[in-house]
Number of protein chains: 2
Amino acid sequence: MPSKIRLHVEHALGAGQTLPLDASQAHYLFGVMRKGAGDVIEVFDGRSGGWDAEVVEAGKKRGVLRVLEQVRPQQDPPDLWLLFAPIKRARTDFIVEKAAEMGAARICPVLTDFTNSERVRRDRLQAHAVEAAEQCGGTFVPPVAEVAKLGAVLDAWPPERRVMFCDEALAGRGTVLSRGPGPVAPWAVLIGPEGGFSDAERQRLANLPQAHPVSLGPRILRADTAAVAALTLWQTTLGDWA
Amino acid sequence: MPSKIRLHVEHALGAGQTLPLDASQAHYLFGVMRKGAGDVIEVFDGRSGGWDAEVVEAGKKRGVLRVLEQVRPQQDPPDLWLLFAPIKRARTDFIVEKAAEMGAARICPVLTDFTNSERVRRDRLQAHAVEAAEQCGGTFVPPVAEVAKLGAVLDAWPPERRVMFCDEALAGRGTVLSRGPGPVAPWAVLIGPEGGFSDAERQRLANLPQAHPVSLGPRILRADTAAVAALTLWQTTLGDWA
């Protein structure tokens, strides 16, 4: 874990730039973390790497930072989306946190035929992705898409984006991913809900030319475990862990 | 997720066997899950696969099941230990749950130089491992060892057991695991604490002939994420996902 406090900001960054803080940022930095004028933290805007910034004004509900110098290069993840069916709140939060840590470029909650939970607050999940990047030294924050029905998502599926489709019904079978010559095309990882996919969904995915069914071993995994395992498999085979 | 209720029992299993339930099992089955005489659940003892069992007596604080027939073969994990440094309670619970799901054969909490949390209740962690097996259709429950200092564990390290040692300081370097000819020797996966290993620990591990340093990609991962990612890497390369 990075020892310096890290804060994601919307404001574009550059040396000498002045950064106004909003009330919640000021509360966090000065109230919770006890920082004050002269202290240095790291800020990142999701596009320009990490920058040291000095506190020049510390108020109860506002504050100002001055950007010093870049201390960390921008590191974007590969072009990998994570599609998952929301589950119980704590485990959904967990999936979003893990997707941000593991280097997903976009997080897409999808409603499947057997999805139990339909209440998904996009802003809450986005805040979890921001926090994961702050805590883990990330410079990129994956956007969280609005929740959508899996059928509608597949109707509009981009022809060039392949899908690693993880289905517990495959236990022990499925294709093996391997890196071919040439660039890795855009990909997505799709994790099913805890009840599995419906027969209609399985049929639909089987007919999708971009779909690659992949097994996550002989045991049944919870959806949150499956998300981390699937992202690991993809990153080590096709992504930036290779 | 299996649709039938699954219960881990200490009692050895066999067709026709009578199974007495303790108060907490009776409360769970009859109070919480509303089961009654004649209902069928699945039981497993960690050694004999999964068995259907019928409720023959349902009381408030006690009950009796009768074992019917085996419905699931015993599935033991490979001989893989997970060693990890305990962190905050919820994330420690999570690591134990995930280790049970991912097929670790033994779970060993170890105290490292930079471990923050020292209060580890073995019985609580063991209950999490049992619950994970119950929920995920497992027939094996990994034992949770008593917490021990990493140095003492390494002093008594079995010569034939290799260690996949995941260190965030390796980011992007480390050896690549590959399956050689012959049987896979006993292994362990070792996950460091959130503050990383100390220099003395790194030195010690570097000098351990059984240690294989492995990188978990270019991003810093939380310890719970690292545990799932490392178990995935091991299982897909050397374990029973291959």
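In this text, all values refer to a predicted model and were calculated from it rather than measured experimentally. (Residues numbered from 1 in each chain as written. Chains lettered and ligands numbered in written order. Predicted model: local features only at pLDDT ≥ 70, side-chain atom pairs only at ≥ 80, totals over all residues. Heavy atoms only, no water.)

### Points about the interface of chain B and chain A
So, step 1. Across the contact, 33 residues belong to chain B and 33 residues belong to chain A.
So, step 2. When chain B packs against chain A, close to 3,000 Å² is buried across both sides, 55% of that on carbon and sulfur atoms.
So, step 3. Between R222 of chain B and E97 of chain A there is a salt bridge whose closest N-O contact spans 3.3 Å.
So, step 4. For the pair chain B and chain A, the interface holds 16 residue pairs in polar contact (both at pLDDT 80 or more).
So, step 5. Secondary structure elements with two or more residues in the side of chain B that touches chain A: α2 (89–102) and α6 (223–237) of chain B.
So, step 6. Sorting elements by how many residues they give to the side of chain B that touches chain A places α6 of chain B first, with 8 residues.
So, step 7. Across the side of chain B that touches chain A, the residue classes tally to 14 nonpolar, 8 polar and 11 charged. (Contact = heavy atoms within 4.5 Å. Buried area = accessible area lost by both parts, 1.4 Å probe. Salt bridge = Lys/Arg side-chain N within 4 Å of Asp/Glu carboxyl O. Polar contact = N/O pair within 3.5 Å; in protein donor to acceptor, adjacent residues only side chain to side chain. Helix = DSSP H or I, 4+ residues; strand = E, 2+ residues; numbered from the N terminus. Nonpolar A, V, L, I, M, F, W, Y, C, P; charged D, E, K, R; others polar.)

### Quick word on the sheet that holds strand β4 (residues 50–58) of chain B
Residues and elements named next belong to chain B.
So, step 1. Spatially, the 5 strands line up as an open sheet ordered β1-β3-β4-β5-β2, and their pairing is mixed. Each edge of the open sheet carries a strand with a single partner, namely β1 (6–8) and β2 (18–21). For this sheet the average axis-to-axis angle between neighbouring strands, irrespective of direction, equals 40 degrees.
So, step 2. Relative to β2, helix α1 (residues 23–32) is tilted by about 95 degrees, and along the sheet it contacts β1, β2, β3 (40–44), β4 and β5 (63–72).
So, step 3. Strands in contact with helix α3 (residues 122–135) are β1 and β3; relative to β1, the strand with the most contacts, it is inclined by about 145 degrees. (Pairing = 2+ DSSP bridges. Axes fitted to C-alpha atoms, helices over the stretch in contact; angles between N-to-C directions.)

### Observations regarding the UniProt feature "domain: Ribosomal RNA small subunit methyltransferase E PUA-like" (unreviewed entry) in chain A
So, step 1. UniProt tags residues 21–67 of chain A as "domain: Ribosomal RNA small subunit methyltransferase E PUA-like" (unreviewed entry).
So, step 2. The annotated region residues 21–67 of chain A carries 21% helix and 43% strand content, and the separation between its end C-alpha atoms amounts to 12 Å. (UniProt positions renumbered as here; feature names shortened; annotations may be inferred.)

### Regarding the sheet that holds strand β10 (residues 187–191) of chain A
Residue and element names in this part refer to chain A.
So, step 1. Spatially, the 6 strands line up as an open sheet ordered β8-β7-β6-β10-β9-β11, and their pairing is parallel. Every interior strand has two partners, whereas the edge strands, β8 (148–149) and β11 (211–214), have only one.
So, step 2. Where strand β6 (residues 80–84) meets strand β7 (residues 106–111), 4 bridges bridge the pair, whose relative direction is parallel. By the bridge assignment, F84 is partnered in β7 with P109.

### What to know about the domain arrangement of chain A
Residues and elements named next belong to chain A.
So, step 1. According to the domain assignment, chain A consists of domain 1 (6–72) and domain 2 (80–237).
So, step 2. Taking the mean C-alpha position of each, domain 1 and domain 2 sit 33 Å from one another.
So, step 3. Residue-level contacts link 9 residues of domain 1 with 8 residues of domain 2.
So, step 4. Interface area lost by domain 1 to domain 2 is led by R6, H8 and F44, which between them contribute 63%.
So, step 5. The interface formed by domain 1 and domain 2 holds 0 salt bridges in total.
So, step 6. In this structure, the connection of domain 1 to domain 2 is made through 5 residue pairs in polar contact (both at pLDDT 80 or more).
So, step 7. A breakdown of the residues in the side of domain 1 that touches domain 2 according to their chemical character gives 2 nonpolar, 4 polar and 3 charged. (Domains from an automatic or database assignment.)

### Details of the packing of aromatic side chains
Any aromatic ring pair is given by two values, namely how distant the centres are and how the planes are angled relative to each other.
So, step 1. All told, the structure shown has 5 aromatic pairs over all chains when counted by the stated rule.
So, step 2. Ring plane angle 80 degrees and centroid distance 5.7 Å describe the contact between W81 of chain A and W157 of chain A, whose orientation is recorded as edge-to-face. Of the two residues, W81 of chain A sits in strand β6 while W157 of chain A sits in the loop between α4 (150–155) and β9 (162–166), which places them 76 residues apart along the sequence. For the pair W81 of chain A and W157 of chain A, a shared accessibility class is recorded, and that class is buried.
So, step 3. For the ring pair F165 of chain B and F197 of chain B, a centre distance of 5.4 Å and an interplane angle of 70 degrees mean the geometry is edge-to-face. Taken together, the residues span a long stretch of sequence, with F165 of chain B in strand β9 (residues 162–166) and F197 of chain B in the loop between β10 (187–191) and α5 (199–206) at a distance of 32 residues. For the residue pair F165 of chain B and F197 of chain B, the accessibility class agrees, reading buried in each case.
So, step 4. One cation-aromatic arrangement involves R106 of chain A over W81 of chain A; the distance from NZ or CZ to the ring centre is 5.8 Å.
So, step 5. Just above the ring of F44 of chain B sits the side chain of R6 of chain B; from NZ or CZ to the centre is 4.5 Å. (Phe/Tyr/Trp six-rings, centres within 6.5 Å; stacked < 30°, edge-to-face > 60°. Buried < 20%, exposed > 50% of the residue type's maximum accessible area, 1.4 Å probe, protein only. Lys NZ or Arg CZ within 6 Å of the ring centre and 35° of its normal.)

### A few points about unusual backbone geometry
A negative phi holds for most residues other than glycine; trans holds for most peptide bonds.
All names here are of chain A.
So, step 1. Even without a glycine there, the phi angle at R34 is positive, about 60 degrees.
So, step 2. Note on placement: R34 falls in the loop between α1 (23–32) and β3 (40–44).
So, step 3. In this structure R34 comes out as exposed when scored by relative accessible area, which is 68%.

### Here's the deal with the pairing of β2 of chain B
Residue and element names in this part refer to chain B.
So, step 1. Residues L19 and L21 point to one face of β2 and are all buried, whereas T18 and P20, pointing to the other face, are not buried.
So, step 2. Looking at chain direction, β2 and β5 are connected through 4 bridges and run antiparallel. Paired with T18 across the two strands is R66, which belongs to β5.

### A look at the pattern of salt bridges
So, step 1. In total, this model carries 38 salt bridges over all chains according to the counting rule given.
So, step 2. For R121 of chain B, the salt bridge identified is with D123 of chain B, shortest N-O distance 3.1 Å.
So, step 3. Owing to a relative accessible area of 43%, D123 of chain B belongs among the partly exposed residues under this scheme.
So, step 4. For E146 of chain B, the salt bridge identified is with R122 of chain B, shortest N-O distance 3.6 Å. You can see E146 of chain B sitting in the loop between α3 and β8 (148–149) and its partner R122 of chain B sitting in helix α3, a full 24 residues away along the chain.
So, step 5. Through salt bridges that share partners, R91, R222 and D224 of chain A together with E97, K98 and E101 of chain B make up one connected network.

### Digging into the side chain of R6 of chain B
All names here are of chain B.
So, step 1. Examined against the element boundaries, R6 turns out to sit in strand β1.
So, step 2. Taking relative accessible area as the criterion, R6 reaches 3% and is therefore assigned buried.
So, step 3. For R6, the side chain forms a polar contact with the side chain of E42, separated by 3.0 Å.
So, step 4. Within the structure, the side chain of R6 is placed 2.8 Å from the backbone oxygen of G138, a separation counted as a polar contact.
So, step 5. Once residues lying within four places of it in the same chain are set aside, the contact partners of R6 are E42, F44, R72, A133, E134, G137, G138 and T139.

### Observations concerning the environment of R124 of chain A
Residue and element names in this part refer to chain A.
So, step 1. Residue placement: R124 occurs in helix α3 (residues 122–135).
So, step 2. Residues R124 and V144 lie 20 residues apart in sequence; the distance between their C-alpha atoms is 9.6 Å.
So, step 3. Those residues in contact with R124 that lie beyond four places of it in its chain are R89 and D93.

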